[in-house]
Amino acid sequence: MQRYLCQVFEKKFAVLIVFSLICSIIYIQAFSIGFLSDDYGFLWQAKEFGWRAFEHNFNDPFFIPFSHVIAMSLYSLVGDNALIFHVLQLLIHVLIGWQLYLFLKEYLNTSNGFAKIAFLSGLFFLIFPYQTEAVLWLSSKSYGYSLFFGLLCIRQFFKYYDSKKSSYLLLCSIFLICSITSKEFGYLLPLIIALLLWNKEQLSFKPIPIFIFLIIIISSIAIRWIVLSDWVGGYGAGVHINLSVIAWHYSAYILKFFTHIRYSDDSMIFFYCMSVLTVISFGSLLVSIIKEKKVRKNALVTLSLFILSLLPVISLEISSLRSIESDRYSYWASIIVCTSLAVAINKLPKTQSNVLSILWGIIFISLTYVTAQNWDKANQVKENYLNTLERLPENN
């Protein structure tokens, strides 16, 4: 059985099928939820102006044109068919988990037995209970697009770095543009790549990719200024440099991710159990960090990536500590958390590692399924409200 599972970990398309089946089950609501809240703002823009909505940036305080291109292209093909929009968003989520698996296989060198880490990282990301907003709310689609193209960018860069083929650098540059113009998180990619290279002691001065990255970033920022008349844009722009709240917000995200306190409203027993389980899972890794210099370097890179992945939104609200609102802000950071958990579990003896892998999988799937029910309830509230409006005298 163990040997069969190891073979599955190595077969990329088998992994894609497994990931797709699991997500189709735990996100079954994606096939029945319609449009919600801000989704109707996009629909009105699309119906009223069509592609001309780009002339006024869809009245969007953010500059995410490629995200709008994808949405408008789909709208042009299927109209306001919510099912197709949701299927695409779920597919992007699955592909992100798969791209994470493929990247870690390449980065960690699975010939050294790290295929399980790559598999668990992708799986944990897909079933992490804080992904439902990014998966089931169509207005948060840009987070998925940006992360998907971001992972493609990173993978193509490392292929270029190893082979020196310019075609990989071209693809890397294209995906960088797609990620940046889908969501501002894309600006982090050059720093993320530099950290990953430094972690493997491969960081060196490469003038061509550096020049290309600088041109892309400077050009993008210039266009943002022209469109938004602002370097930052978005809501809450005035609090992006409010240092007084940053430390609390980082602490809140750590509390959210590693204790799952949100699900302890009725009883603190769950909070204590999850805290103990986290300590058990990370115990061996923490000891290694203390004893081994290389592991300390890996931990420093991991912490830096975690800080970076939350930096664009760290001064915004942290209401997601207790509710699903704003969970989308931590979509990028969840990759770091899930990969760290997979690495920690892999440090343990085989039996303990297997038991904890199954246990965390069951917990995450259960919490995700329960959390997704809230979106189904929101859809029911919306339907009841629309039905009430239709029965009003002025609408008859």
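Residues numbered from 1 in each chain as written. Predicted model: local features only at pLDDT ≥ 70, side-chain atom pairs only at ≥ 80, totals over all residues. Heavy atoms only, no water.

### Considerations on the packing of aromatic side chains
Test applied: Between 30 and 60 degrees the pair is tilted, below 30 it is stacked and above 60 it is edge-to-face, where a pair is any two Phe, Tyr or Trp rings, Trp via its six-membered ring, whose centres lie within 6.5 Å. Every helix listed is a DSSP run of H or I at least four residues long, and every strand listed is a run of E at least two residues long, numbered separately from the N terminus. Three labels apply to residues, based on accessible area from a 1.4 Å probe with only protein chains included: buried if under 20% of the type maximum, exposed if over 50%, partly exposed otherwise in between.
Within this structure, the stated rule accounts for 36 aromatic pairs. Ring centres of Trp360 and Phe364 lie 5.3 Å apart, and the angle between their planes is 45 degrees; this geometry places the pair in the tilted category. Here Trp360 and its partner Phe364 are both found in helix H16 (residues 350-390), four residues apart, which amounts to about one turn of the helix. Its relative accessible area of 2% is what places Trp360 among the buried residues.

### Observations regarding the nonpolar core
The line we're drawing: Buried Ala, Val, Leu, Ile, Met, Phe, Trp, Tyr and Cys residues form a nonpolar core when they are joined through side-chain atoms within 4.5 Å. Contacts: residue pairs with any heavy atoms within 4.5 Å of one another.
Within the largest apolar cluster, 107 residues are counted, with the highest numbers of intra-cluster contacts made by Phe19, Phe124, Phe125, Phe157, Ile192, Phe306 and Trp360. At 13 residues, the largest contribution of residues to this core is made by helix H8 (residues 141-163). Ignoring any residue separated from it by four or fewer positions in sequence, one finds Phe19 in contact with Val94, Gly97, Trp98, Tyr101, Phe119, Gly122, Leu123 and Leu126.

### A short note on the confidence of the model for the chain
Convention followed: Summary of the metric used: pLDDT quantifies the predictor's per-residue confidence within the range 0 to 100.
Per-residue confidence for the chain gives a mean pLDDT of 87, with 87% of residues at or over 70. Mean pLDDT across the elements of the chain ranges from a minimum in helix H1 (residues 2-10), with 62, to a maximum in helix H9 (residues 166-180), with 97.

### Quick word on the packing of helix H6 (residues 115-127) against helix H15 (residues 333-346)
Under the convention used in this document: Structural elements are reduced to axes, namely lines fitted to C-alpha atoms, with helices fitted over the stretch in contact, and the angle between N-to-C directions of any two is expressed from 0 to 180 degrees. Working definition: roughly parallel below 35 degrees, roughly antiparallel above 145 degrees, roughly perpendicular at 65 to 115 degrees, and oblique for all remaining angles. Crossing handedness follows the turn of the near helix against the far one: under a right angle anticlockwise gives a left-handed crossing, and clockwise gives a right-handed one.
Running from N to C, H6 and H15 point in directions that differ by 140 degrees, and their axes come no closer than 8 Å. Between H6 and H15, the angle falls in the class oblique. As for how H6 packs across H15, the hand of that crossing is right-handed. The residues of H15 that touch H6, namely those facing Lys116, Ile117, Leu120, Ser121, Phe124 and Phe125, are Ser334, Ile335, Cys338, Thr339, Leu341, Ala342, Val343, Ile345 and Asn346.

### Re the packing of helix H13 (residues 268-291) against helix H14 (residues 293-310)
Selection rule: For this classification, the nonpolar set comprises Ala, Val, Leu, Ile, Met, Phe, Trp, Tyr, Cys and Pro, the charged set comprises Asp, Glu, Lys and Arg, and every other residue, Gly included, is treated as polar.
Direction vectors running N to C along H13 and H14 enclose 115 degrees, while the axes themselves pass 6 Å from each other. One element, H13, and the other, H14, form an angle in the roughly perpendicular class. Here H13 and H14 pass one another in a crossing that is left-handed. Residues Leu285, Ser288, Ile289, Ile290 and Lys291 of H13 form the contact with H14, whose own contacting residues are Lys293, Val295, Arg296 and Ala299. Counted by class, the contact of H13 with H14 contains five nonpolar, one polar and three charged residues.

### Points about the environment of Phe85
Tracing the sequence through the fold places Phe85 in helix H5 (residues 82-108). If we skip the residues at most four places from it in the chain, Phe85 touches Phe35, Phe42, Ala71, Leu74, Tyr75, Val78, Gly79 and Leu138.

### Looking at the side chain of Arg262
As for its position among the elements, Arg262 is in the loop between helix H12 (243-259) and H13. Relative accessible area serves as the criterion here: at 7%, Arg262 is assigned to the buried category.

### Details of the environment of Ala82
Relative to the elements of secondary structure, Ala82 occurs in helix H5. Spatially, the C-alpha atoms of Ala82 and Ala30 are 9.3 Å apart, while their sequence positions differ by 52 residues. Apart from residues no more than four positions distant in its own chain, Ala82 is found in contact with Ile33, Gly34 and Phe35.

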